[in-house]
Amino acid sequence: MASSKKYLDFILEQLSDLDDVTYRVMMGEFIIYFRGKVVGGIYDDRLLVKPIKSAITYMQKVSYELPYKGAKPMLLVDDVDNKEYLTGLFQTMYNELLMLKKKNN
(Lines give C-alpha, C1' and ligand atoms only; values in the text may rest on other atoms or scores of the structure.)
Protein backbone atom coordinates (compact mmCIF):
# COMPACT_ATOMS: atom_id res chain seq x y z
CA MET A 1 0.00 0.00 0.00
CA ALA A 2 1.39 3.40 -0.94
CA SER A 3 1.36 6.33 1.45
CA SER A 4 -1.01 9.22 0.92
CA LYS A 5 0.01 12.78 0.09
CA LYS A 6 -2.43 13.86 2.82
CA TYR A 7 -0.41 12.02 5.49
CA LEU A 8 2.85 13.45 4.10
CA ASP A 9 1.38 16.97 4.26
CA PHE A 10 0.33 16.36 7.88
CA ILE A 11 3.86 15.24 8.87
CA LEU A 12 5.44 18.17 7.03
CA GLU A 13 3.10 20.56 8.87
CA GLN A 14 4.09 18.96 12.19
CA LEU A 15 7.75 19.60 11.24
CA SER A 16 7.15 23.14 9.95
CA ASP A 17 9.08 24.75 12.83
CA LEU A 18 12.27 23.14 11.47
CA ASP A 19 14.28 24.59 8.59
CA ASP A 20 15.08 22.49 5.54
CA VAL A 21 12.79 19.46 5.89
CA THR A 22 12.37 17.94 2.43
CA TYR A 23 11.15 14.70 0.93
CA ARG A 24 11.59 12.53 -2.11
CA VAL A 25 9.04 10.16 -3.59
CA MET A 26 10.28 6.60 -3.89
CA MET A 27 8.06 3.75 -5.09
CA GLY A 28 4.86 5.27 -3.68
CA GLU A 29 6.46 6.14 -0.35
CA PHE A 30 8.29 9.24 0.91
CA ILE A 31 11.89 9.54 2.13
CA ILE A 32 12.23 12.39 4.66
CA TYR A 33 15.36 14.55 4.85
CA PHE A 34 16.39 17.07 7.49
CA ARG A 35 19.11 19.50 6.39
CA GLY A 36 20.22 17.08 3.69
CA LYS A 37 20.34 13.99 5.91
CA VAL A 38 17.95 11.03 5.66
CA VAL A 39 15.98 10.80 8.89
CA GLY A 40 13.51 8.15 7.81
CA GLY A 41 10.40 7.98 5.72
CA ILE A 42 6.69 7.52 5.43
CA TYR A 43 5.72 3.94 4.63
CA ASP A 44 2.08 2.82 4.49
CA ASP A 45 1.09 6.08 6.22
CA ARG A 46 3.46 5.43 9.13
CA LEU A 47 6.40 7.65 10.04
CA LEU A 48 9.47 5.47 10.54
CA VAL A 49 12.91 6.80 11.49
CA LYS A 50 16.39 5.31 11.50
CA PRO A 51 17.10 3.20 14.61
CA ILE A 52 20.05 5.23 15.86
CA LYS A 53 21.06 5.66 19.51
CA SER A 54 19.83 9.23 19.83
CA ALA A 55 16.35 8.32 18.55
CA ILE A 56 16.10 5.25 20.77
CA THR A 57 17.10 7.31 23.82
CA TYR A 58 14.69 10.15 22.96
CA MET A 59 11.61 8.03 22.31
CA GLN A 60 9.57 6.98 25.33
CA LYS A 61 8.21 3.90 23.56
CA VAL A 62 10.44 2.04 21.10
CA SER A 63 8.74 -0.11 18.51
CA TYR A 64 10.54 -1.61 15.51
CA GLU A 65 8.68 -2.13 12.24
CA LEU A 66 9.63 -3.02 8.69
CA PRO A 67 9.07 -0.25 6.14
CA TYR A 68 8.59 -2.92 3.45
CA LYS A 69 9.31 -6.60 2.97
CA GLY A 70 13.02 -7.35 3.02
CA ALA A 71 14.03 -4.01 4.59
CA LYS A 72 15.88 -3.43 7.84
CA PRO A 73 13.67 -2.58 10.84
CA MET A 74 13.09 1.08 11.65
CA LEU A 75 11.56 2.88 14.62
CA LEU A 76 7.84 3.64 14.49
CA VAL A 77 7.04 7.19 15.60
CA ASP A 78 3.58 6.85 17.08
CA ASP A 79 3.36 10.31 18.69
CA VAL A 80 3.09 12.26 15.42
CA ASP A 81 0.27 14.43 16.82
CA ASN A 82 2.73 16.06 19.24
CA LYS A 83 4.51 18.72 17.16
CA GLU A 84 7.05 19.60 19.87
CA TYR A 85 7.96 15.93 20.38
CA LEU A 86 8.40 15.35 16.66
CA THR A 87 10.60 18.41 16.06
CA GLY A 88 12.65 17.48 19.14
CA LEU A 89 13.16 13.97 17.76
CA PHE A 90 14.49 15.28 14.44
CA GLN A 91 16.77 17.81 16.16
CA THR A 92 18.11 15.12 18.51
CA MET A 93 18.86 12.75 15.63
CA TYR A 94 20.54 15.29 13.34
CA ASN A 95 24.16 15.12 14.59
CA GLU A 96 24.20 11.32 14.53
CA LEU A 97 22.91 11.01 10.98
CA LEU A 98 25.26 10.64 8.04
CA MET A 99 25.40 13.32 5.38
CA LEU A 100 24.57 12.09 1.88
CA LYS A 101 27.45 12.19 -0.54
CA LYS A 102 26.96 14.32 -3.63
CA LYS A 103 26.99 12.39 -6.90
CA ASN A 104 29.56 13.45 -9.47
CA ASN A 105 27.89 14.10 -12.82
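Residues numbered from 1 in each chain as written. Predicted model: local features only at pLDDT ≥ 70, side-chain atom pairs only at ≥ 80, totals over all residues. Heavy atoms only, no water.

### Structural notes on the layout of surface pockets
In step 1: There is about 250 Å³ of room inside the largest pocket.
In step 2: Lining the largest pocket are Met26, Met27, Glu29, Ile31, Tyr33, Val38, Tyr43, Asp44, Pro67 and Tyr68.
In step 3: Tallying contributions element by element places strand β2 (residues 29-34) first for the lining of the largest pocket, with 3 residues.
In step 4: For the lining of the largest pocket, the class distribution of residues is 8 nonpolar, no polar and 2 charged. (1 Å grid on protein atoms, 1.4 Å probe; cavity = no way out; pocket = protein on both sides within 12 Å on 5 of 7 lines; lining within 4 Å. Points joined across faces, edges and corners; volume = space filled by probe spheres on them. Helix = DSSP H or I, 4+ residues; strand = E, 2+ residues; numbered from the N terminus. Nonpolar A, V, L, I, M, F, W, Y, C, P; charged D, E, K, R; others polar.)

### Details of the pattern of salt bridges
In step 1: On inspection of all chains with the given rule, the structure shows 6 salt bridges.
In step 2: Notably, a salt bridge pairs Glu13 with Lys83, separated by 3.8 Å at the nearest N-O pair. Of this pair, Glu13 sits in helix α1 (residues 5-14) while Lys83 sits in helix α3 (residues 83-94), and the two are 70 residues apart along the sequence.
In step 3: Take Glu13: its relative accessible area is 47%, and that puts it in the partly exposed class.
In step 4: A salt bridge links Asp44 to Arg46; the nearest nitrogen and oxygen atoms lie 3.8 Å apart.
In step 5: One salt-bridge network, in which partners are shared between bridges, spans Glu13, Asp17 and Lys83. (Salt bridge = Lys/Arg side-chain N within 4 Å of Asp/Glu carboxyl O. Buried < 20%, exposed > 50% of the residue type's maximum accessible area, 1.4 Å probe, protein only.)

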